[in-house]
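# Summary of the model geometry
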Amino acid sequence: MYTNKKECVAMLLAGGQGTRLYSLTRDLAKPAVSFGGKYRIIDFPLSNCINSNIDTIGVLTQYKPFDLNQYIGNGQPWDLDRLNGGVFVLPPYMKGETSDWYKGTANAIYQNIEFVDKFSPEYVLVLSGDHIYKMDYSQMLAYHKDKGADCTIAVINVSLEEASRFGIMNTNPDNSVYEFAEKPKHPKSTNASMGIYIFNWAKLRKYLIEDEEDKTSQNDFGKNIIPKMLADGQKLFAYNFSGYWKDVGTISSLWEANMDVLDPSSGINLDDSSWKIYARNTAEPPHYVGKDAVICNSLITEGCNINGKVSNSVLSTGVEICEGAVVEDCNIMPGAKICKGAVVKYAIIGNNAVVGENAVVGEKQDGMVDGQWQITVVGPNAKVEPNQVVPVKAMVD
Amino acid sequence: MNNAMSIIFASDHESKLNELTLHRTSASLPVYGRYRCIDFALSNLVNSSITTIGIITRSNYSSLMDHIRMGRDWDLNRKNSGIAVFPPYASNTSRNVFKGKIEALYGILDYIENSDDEYVIVTNSNIIASIDFDDVYEAHVQSGADITVLTYNAHPTTSRRVLVESDLSGRIRGMRITQSASDELCEIGLYCYMFNRKQLIRLISDSYERGKIDLEKDILQANLDNLKIHAYKVKGHAALIDDVKSYYRESMAVLDSQIRNSLFYSVGKVFTKVKDSVPTRYCEGAEVVDSLIADGCKINGKVENSILFRGVVVEEGAVIKNSIVMEGGKIMKGSRLNYAITDKDVTVTEDKSLSGSENYPVVVVKNKTV
């Protein structure tokens, strides 16, 4: 018999404003920010889903959704244009007399209970659109079933110093969770929540409705739903993930993650035919490397035109580097142009930005530790005037 | 223009491409790092809103089918119109595959008759040019032509060329079909035509019934006096690829930024099958100049004045000069290529050297290991 039924539906939270990315998210949602040369952040969870055989995905959008909507389109680049299922963009909508913005992560799913119900799934996978990682969700789902859990939370081992920046899961020897501490001052363990959850839908549905009735709740998974389920004695399990995972919510971490793509030992290998990351293609010709170009240790993609010196950098689609320009340790987003003689170091250059002739942006940094890089940013469509000097950590809008 | 359909010939006069078309039609000949020849015809048509496209194949067409699939990458997977691929036509009475374009068109006359478009673009697929068919249409209507022949200026080669002589109004008064090379710059037909559909049907039926097979000779050349046949000179860069020499020369021409701009950025985008390759990685030992590099490559050697297709690996100490390395090529440590064309998935093992010359590049056949 033909039905709409799906075993597992993914709900991807993509409504965040991404305020800590400043001008990079002024005009677009964080999941739509460019990454790794030809990708956007959202390509990672979408590709992970399709590679894990999850073909029904609701993408919850709220903040500046146009770029993201257009980018997702009918889902074809991810093979998500399906007769039954596929990818759905779900903005907040009118219900009877009322309408509400998504008040929190849990509320966003609550407002789309009817959407999930249409597929009568046993399980719901909750994802967020601001992490770079490759993960097989089908293994996590198998683990969830095996443990007979009500909720499984993916965790990654972080250093003790970092632990106080995350939601920490304290677990029993069988990996069941007995305590959840949101950004604890004195962490008891180093199992950080990755913001990836699998719930039994029937149970989550009930908790979402109860949470909505509780006027004091912030309608957040980490702050409300998970603690409530724990308090009620539901079976929560931690699922250990050991691959590459990075939250790219800050300028520094976004830059770092791009540099990780350059480093074969970082663990985020994009050139893996068994786990491809898919992206919408822009139909540009191969990149051209000019007579005076010098390129080393860099990633360069279609539509680029390189005539200057590029090292330790990631260049996105359609970037132009003119003669005599020097680009070191940078992430340059689509369509940006670095004019003759300009020197750009340790910087993120936004979409279609122009760095004028002989301008100087950022400078070399030594001996920094992760998370503390002083990265200079030239925002999308911004212009750095010829000969202008943009100091370290400045942001040009 | 929304009142035209198109018929593309996937193969024509490809015998001189030798090894390069051993396993494929000239339509699916790989060019410029990530394209196949037919991408230009398809993209030009789509960019001019012509979306009813029939492709006539003759032999070796599986690589073409794999490239085109349902036409999605050109936005041609439509409910109405879209792409139709015709396998080689053989009538029930004769068991032979069609001999010439007239017979081939006669074989799909139903398809042309079923359309209600007013015009038909009939084109070869080995044309490299960015053509604005809206502009061709305007010229066609303005001149009141029965047939418009697209042309470009070039030197005749030893491949079959249609030389046209037109008067001041653009009407073609003389036509020579020749295979002798010359240093003289001539106006040459691009094997791309605009017909009025109903007239094309009449011309094809009539010529077929009279046993004619050659479209250029029996329909164009024979009718210069009876029909108004006009020339339309294509703007920007144009070329025909029909032998190894022209393939090599045209490939290298794209390293010139003016020609690159004319082909890729003047009229519309050039679409092709998307393969989701990663960006190209330049390693510590990379030294690349004056080259066109597709995605998915890994470069740790020297590349100069060359074209690398998707997924090519250049190992440490390898040197590639004046060469074309097609998809999946692997050039291992210490190897040297000069004036070479290596077809798909060729491996050149360590410390080998391949060298040809500018007018006679060495060609290594698909899947071979040197």
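Residues numbered from 1 in each chain as written. Chains lettered and ligands numbered in written order. Predicted model: local features only at pLDDT ≥ 70, side-chain atom pairs only at ≥ 80, totals over all residues. Heavy atoms only, no water.

## A closer look at the overall build of chain B
In terms of helices and strands, chain B carries 9 helices and 28 strands. The C-alpha atoms of chain B give a radius of gyration of 21 Å, which matches the 21 Å a tight globule of 370 residues would have. The 370 residues of chain B split such that 61% are buried. Once local pairs closer than 6 in sequence are excluded, the contacts in chain B between residues at least 24 apart make up 60%. Only carbon and sulfur atoms are counted for the fraction: they give 44% of the accessible area of chain B, which is about 14,800 Å². Considering chain B, the positive charge centre built from 44 side chains and the negative charge centre built from 47 side chains are found 3 Å apart. (Helix = DSSP H or I, 4+ residues; strand = E, 2+ residues; numbered from the N terminus. Rg over C-alpha atoms; globule rule 2.2 N^0.38 Å. Buried < 20%, exposed > 50% of the residue type's maximum accessible area, 1.4 Å probe, protein only. Contact = heavy atoms within 4.5 Å. Areas by Shrake-Rupley, 256 points an atom, 1.4 Å probe, with all protein chains shown as cover. Lys, Arg positive; Asp, Glu negative; His and termini not counted. Charge placed at Lys NZ, Arg CZ, Asp CG, Glu CD.)

## Focus on the interface of chain A and chain B
Note on interface size: it is often stated as the accessible area lost on association of the parts. Facing 37 residues of chain A, the contacting portion of chain B comprises 32 residues. Here chain A packs against chain B, burying approximately 2,900 Å² in sum over the two surfaces, 47% of which is carbon and sulfur. The interface formed by chain A and chain B holds 5 salt bridges in total. A salt bridge links D81(A) to R72(B), with the shortest nitrogen-to-oxygen separation between them at 3.3 Å. One can count 21 residue pairs in polar contact (both at pLDDT 80 or more) joining chain A with chain B. Residue assignment for the side of chain A that touches chain B shows that the elements contributing at least two residues are α9 (251-262), β16 (287-289), β17 (294-296) and β18 (298-300) of chain A. (Buried area = accessible area lost by both parts, 1.4 Å probe. Salt bridge = Lys/Arg side-chain N within 4 Å of Asp/Glu carboxyl O. Polar contact = N/O pair within 3.5 Å; in protein donor to acceptor, adjacent residues only side chain to side chain.)

## Concerning the layout of surface pockets
Residues and elements named next belong to chain A. If you add up the space inside the second largest pocket, you get close to 720 Å³. S34, R40, D67, P334 and N351 are, among the 28 residues lining the second largest pocket, the residues nearest its centre. At the level of secondary structure, the elements contributing two or more residues to the lining of the second largest pocket comprise β3 (39-40) and α2 (66-72). Ranked by the residues each element gives to the lining of the second largest pocket, the list is headed by α2, at 3 residues. (1 Å grid on protein atoms, 1.4 Å probe; cavity = no way out; pocket = protein on both sides within 12 Å on 5 of 7 lines; lining within 4 Å. Points joined across faces, edges and corners; volume = space filled by probe spheres on them.)

## Some details on the environment of A145(B)
Its location among the elements puts A145(B) in the loop between α5 (133-143) and β8 (147-154). Accessibility expressed as a relative area gives 5% for A145(B), which makes it buried.

## Section: the domain arrangement of chain B
All names here are of chain B. For chain B, the assigned domains are domain 1 (4-264) and domain 2 (281-364). Taking only C-alpha atoms, the centre of domain 1 and the centre of domain 2 are 32 Å apart. Residue-level contacts link 19 residues of domain 1 with 22 residues of domain 2. When domain 1 packs against domain 2, the two sides together hide about 1,700 Å² of surface, and 69% of this comes from carbon and sulfur. Contact with domain 2 buries surface across domain 1, with G33, Y248 and L255 losing the most and accounting together for 35% of the total. At the junction of domain 1 and domain 2, the tally comes to 1 salt bridge. The salt bridge partner of D343 is R24, with a shortest N-O separation of 2.8 Å. Taken together, the connections running from domain 1 to domain 2 amount to 4 residue pairs in polar contact (both at pLDDT 80 or more). Broken down by secondary-structure element, the contributors of at least two residues to the side of domain 1 that touches domain 2 are β2 (30-31), β3 (35-36) and α8 (244-253). Examining the composition of the side of domain 1 that touches domain 2, we find that 6 residues originate from one element, α8, more than from any other. Within the side of domain 1 that touches domain 2, the residues separate by chemical class into 11 nonpolar, 2 polar and 6 charged. (Domains from an automatic or database assignment. Nonpolar A, V, L, I, M, F, W, Y, C, P; charged D, E, K, R; others polar.)

## Topic: empty space enclosed by the protein
Under the counting rule described, the total for this entry stands at 2 cavities of 30 Å³ or more. Estimates place the volume of the largest cavity at around 70 Å³. Forming the boundary of the largest cavity are F40(B), A41(B), N44(B), L45(B), T123(B), N124(B), I127(B), A129(B), I131(B), F133(B) and C192(B). Elements represented by at least two residues in the lining of the largest cavity include exactly α1 (38-47), β6 (119-124) and β7 (127-129) of chain B. Among the elements that take part in the lining of the largest cavity, α1(B) stands out by supplying 4 residues, more than any other. Looking at the lining of the largest cavity residue by residue, the classes come out as 8 nonpolar, 3 polar and no charged. Each pocket or cavity is described by its volume, and for the second largest cavity that value is around 40 Å³. Forming the walls of the second largest cavity are K38(A), Y39(A), I277(A), A279(A), N281(A), V274(B), D276(B) and S277(B). Looking at the lining of the second largest cavity residue by residue, the classes come out as 4 nonpolar, 2 polar and 2 charged.

## Quick notes on the sheet that holds β16(A)
The sheet built from 11 strands is open, its strands ordered β31(A)-β28(A)-β25(A)-β22(A)-β19(A)-β16(A)-β16(B)-β19(B)-β22(B)-β25(B)-β28(B) with mixed pairing. Looking at strand neighbours, the two that pair on one side only are β31 (383-384) of chain A together with β28 (362-364) of chain B, the edges of this open sheet. Pairing of strand β22 (residues 320-321) of chain A with strand β25 (residues 337-338) of chain A, which is carried by 2 bridges, proceeds in the parallel orientation. When the sheet's bridge partners are listed, I321(A) is paired in β25(A) with I338(A). (Pairing = 2+ DSSP bridges.)

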